[in-house]
Amino acid sequence: MSAIRDFIGLVGDGVKANQTLWLLVFGFALFPIFSYFADLPFWNDVAMRIMLLGMAAMGLNLVLGYGGMVSFGHAAFIGIGAYCVGISQFYGISNGWAHLGFSIVTCGLAGLVIGYLALRTSGIYFIMITLAFAQMLFFLFVSLEAYGGDDGMSVDRGEFGFIDLYDPLRLYFLIWCALALVSLALMFIVRSRFGVTLRAIKSNESRIEAMGLSPLRFKMVGYVISAVICGIAGTLFASWQEYVSPDIMHWTRSGELMIIIILGGLATLAGPLLGAIVFLLLEESLPMLLGAVAPAYAENWMIIFGPLLIMVVLFGRGGLTGIIDRLSGTRGNADHKAGPR
Amino acid sequence: MSRAVLELQGLNKSFGALHATRDLSFCVNAGEIHALIGPNGAGKTTLIQQIYGALKPDTGHVLLNGKDITSLPVPGRVRAGIGRSFQISNVLMDFTVLENGIIAEQARLGQSFRFLRPAFDDPDLIAGARKILARVGLNDRADQRVGDLAHGERRMLELALALATAPQLLLLDEPMAGAGPEESQRMSQIIETLRGKLAILLIEHDMDAVFRLADRITVLVEGAVIASGTADEISNSAAVQTAYLGSE
Ligand SMILES: Nc1ncnc2c1ncn2[C@@H]1O[C@H](COP(=O)(O)OP(=O)(O)OP(=O)(O)O)[C@@H](O)[C@H]1O
Ligand SMILES: [Mg+2]
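What you see is a predicted model; the values in this text were computed from it and never measured.

Colleague: Looking at this structure, I do not really get the overall build of chain A. What am I missing?
Modeller: Along its length, chain A carries 14 helices and two strands. The C-alpha atoms of chain A give a radius of gyration of 20 Å, which matches the 20 Å a tight globule of 341 residues would have. A buried classification covers 56% of the 341 residues belonging to chain A. Residue pairs at least 24 apart in sequence account for 76% of intrachain contacts in chain A once pairs closer than 6 positions are excluded. Accessible surface for chain A amounts to roughly 14,700 Å². Of this, 70% is attributable to carbon and sulfur atoms. Computed over 19 positive and 21 negative side-chain charges, the inter-centroid distance for chain A is 19 Å.

Colleague: Any chance you could explain the coordination of the magnesium ion (ligand 2) here in plain terms?
Modeller: Coordination angles at a metal have ideal targets, namely 109.5 degrees for four tetrahedral donors and 90 or 180 degrees for six octahedral donors. All names here are of chain B. On the protein side, the magnesium ion (ligand 2) has Thr45 (OG1) and Gln87 (OE1) as donor atoms, found 1.9 to 2.2 Å from it. Here glutamine 87 lies in the loop between strand E6 (82-85) and helix H3 (97-108) and threonine 45 lies in helix H1 (residues 44-52), a separation of 42 residues in the sequence. Taking the relative accessible area as the measure of exposure, glutamine 87 reaches 34% and is therefore partly exposed.

Colleague: Which parts of the structure should I look at to understand the pairing of strand E2 (residues 18-29) of chain B?
Modeller: Residues in a regular strand point their side chains to alternate faces of the sheet. Residues and elements named next belong to chain B. Relative to E2, strand E1 (residues 4-15) is paired through eight bridges, and the arrangement is antiparallel. If you follow serine 14 over to E2, its bridge partner there is histidine 19. As consecutive antiparallel partners, E1 and E2 are separated by two residues, and within that stretch glycine 16 has a phi angle of approximately 60°, a positive value.

Colleague: For this particular structure, what's the right way to read the confidence of the model for chain B?
Modeller: Caution applies to low-pLDDT parts of the model: their predicted coordinates are not meant to be read in detail. Averaged over all residues, the pLDDT of chain B equals 92, while 97% of them reach at least 70. On the interface metric, ipTM, the complex scores 0.92, and its pTM is 0.93.

Colleague: Please clarify how the interface of chain A and chain B should be interpreted in this entry.
Modeller: Many authors give the size of an interface as the accessible area that is lost as the parts come together. With 34 residues of chain A in contact, the opposing surface of chain B contributes 41 residues. Of the roughly 3,300 Å² buried between chain A and chain B, counting both surfaces, carbon and sulfur atoms make up 58%. Where chain A touches chain B, the interface holds four salt bridges. Notably, a salt bridge pairs Arg117(B) with Asp6(A), separated by 2.7 Å at the nearest N-O pair. Inspection of the chain A/chain B interface yields 18 residue pairs in polar contact (both at pLDDT 80 or more).

Colleague: Is there a simple way to explain the site of ligand 1 in this structure?
Modeller: All names here are of chain B. Around ligand 1 there are 13 residues in total, and Asn40, Lys44, Thr45, Thr46 and Gln87 lie nearest to it. One of the backbone nitrogen or oxygen atoms of alanine 42 is found 3.2 Å away from an oxygen atom of ligand 1. Out of a free accessible area of 640 Å², ligand 1 has 60% covered by protein chains. Elements represented by at least two residues in the shell around ligand 1 include exactly E2 and H1. For the shell around ligand 1, a count of residues per class yields four nonpolar, seven polar and two charged.

Colleague: Honestly, the domain arrangement of chain B in this entry has me stumped. Any pointers?
Modeller: Residue and element names in this part refer to chain B. For chain B, the domain assignment lists domain 1 (4-92 + 150-245) and domain 2 (95-144). Each of domain 1 and domain 2 has a C-alpha centre, and the two are 27 Å apart. Domain 1 puts twelve residues into the contact, and the matching count from domain 2 is 14 residues. With both sides pooled, the region where domain 1 packs onto domain 2 buries about 1,100 Å², and carbon together with sulfur makes up 67% of that total. When residues of domain 1 are sorted by the area they lose upon contact with domain 2, Leu92, Leu157 and Ala164 head the list and together hold 45% of the total. The tally of links between domain 1 and domain 2 comes to one salt bridge. When the shortest N-O distance is used, the salt bridge between glutamate 153 and arginine 141 registers 2.8 Å. There are four residue pairs in polar contact (both at pLDDT 80 or more) connecting domain 1 and domain 2. Residue assignment for the side of domain 1 that touches domain 2 shows that the elements contributing at least two residues are helix H5 (151-164) and helix H6 (181-194).

What counts as what
- Residues numbered from 1 in each chain as written.
- Chains lettered and ligands numbered in written order.
- Predicted model: local features only at pLDDT ≥ 70, side-chain atom pairs only at ≥ 80, totals over all residues.
- Heavy atoms only, no water.
- Helix = DSSP H or I, 4+ residues; strand = E, 2+ residues; numbered from the N terminus.
- Rg over C-alpha atoms; globule rule 2.2 N^0.38 Å.
- Buried < 20%, exposed > 50% of the residue type's maximum accessible area, 1.4 Å probe, protein only.
- Contact = heavy atoms within 4.5 Å.
- Areas by Shrake-Rupley, 256 points an atom, 1.4 Å probe, with all protein chains shown as cover.
- Lys, Arg positive; Asp, Glu negative; His and termini not counted.
- Charge placed at Lys NZ, Arg CZ, Asp CG, Glu CD.
- Donors = N, O, S within 2.8 Å, 3.2 Å for Na, K, Ca; no water.
- Pairing = 2+ DSSP bridges.
- pLDDT = per-residue confidence, 0-100.
- Buried area = accessible area lost by both parts, 1.4 Å probe.
- Salt bridge = Lys/Arg side-chain N within 4 Å of Asp/Glu carboxyl O.
- Polar contact = N/O pair within 3.5 Å; in protein donor to acceptor, adjacent residues only side chain to side chain.
- Near = heavy atom within 4 Å.
- Nonpolar A, V, L, I, M, F, W, Y, C, P; charged D, E, K, R; others polar.
- Domains from an automatic or database assignment.

Shown next, in the form of structure tokens:
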């Protein structure tokens, strides 16, 4: 009993310290009501895509933002998670929980192996080796003709017992639950002793060694956790899209995740989610806006998108969450960072 | 007969053509403050690195309490009882003083693989961190970001972090370098309070501090020991006079 009360107290403290994150998460819970009354069911689809990419970006942020490990290959884990659905169904396993289970185990193992080899390097070598692993997996799936090769394979949505994913609202809330759980888990992790040590390693690895700790072990565990989170996002992505192809783990997606994090704010919990919202909304609306103003240039929306991103990164120190913190005069999104309390 | 905490046996280390450590053997005894002096580039930091495990000697052995630790990596040596402060301050700059203490405390307890409770709010860790900071009198600066501390305070914090692991051998690489006279004096006072409690290998260019603090002194020139003895023996040694003290 008291353990439960204790846990609820911890959740309460964490929510208070991360208000932007939980505002966004609960905003997503209410969004279907809005889209229903505004008669914009298409936007539910956009919201799901935002939640899935946001979740993956939150996972990557654990190593990129908190751990200072610039992994340029995290799309590989999204891809592995997605192929867990396709390949399971290929062998007749249609249970969605099983897909999630496979995804967690496979991405955990892949994260362990890639992490073990890549984390021995640092800086530009680490970036290159993580990219190389992702490219290797990309071309592996391109060459696997049995699983559709280049063209990929269409999949059925996983069967989650009473949660029928062909009901769009149930799919929406399954994805939302995953987002909420990932948010909760990361909220605990980054404030915990482990999370604090990971951030200290980013700050000064040699001082952590001087305290008798071996940084590699912490980095490995962080890497595996982040791989698993990306894998879960990928598994749900496949069910949402009803289709998997190597494209899902194209290197540009790894880059997209990094841009989303930097846009939203490195080493904050709300940042990746906020970054995903702004990134995908711009991606959806810029072509439309541009099409209305100058139809001939609608295809070239990237010309506006790129400079916009660069401006936020250059002038909004700490990304969008940094801007929010400065406007509201708090350090709500960076509460777990150092600073006078 | 005092017991040797650290014993170096025939260490050699070269960087290409530069022979930075030459056939080096000496002991640091339990509870003594042992100063290592020598001109710039004599190889003092290089030697410390080999004792600490950040550099591997080409030949020779490092023994801690009689156990060969030559192939042990840094974290293992720290757990075996070696603490260190660096020539250039090495603390967690992005955190507050108290947070530095908390991270040191959880590392000391060997309890850093925990995922649920917020570390910086943990009353036990805070109490432990306060004890760590109290040794160098930094508790009134607890909420200060380390990046905002004065240089001397950062050195104090680094000493506190090095002491947090309760080392039997403390390696101090120029702890007073760059500090003002007052800060240097506070640092000497704190080192003085450690006398007899643990072995200290102290590298320092400030000769007044060295002769005041050191029980024994070893003089290093071009990677080799040219003299080793008590403060009196060293200041009266002709070899040291010509090779080092005289030339300053
Ligand atoms: N990693 C390295 N690679 C090449 N040469 C090195 C390396 N580290 C040190 N050296 C050289 O080894 C010699 C000894 O350097 P070391 O830093 O040990 O001297 P020191 O006695 O600590 O000097 P100081 O009093 O200036 O700190 C110097 O000539 C230095 O340039
Ligand atoms: Mg030196």
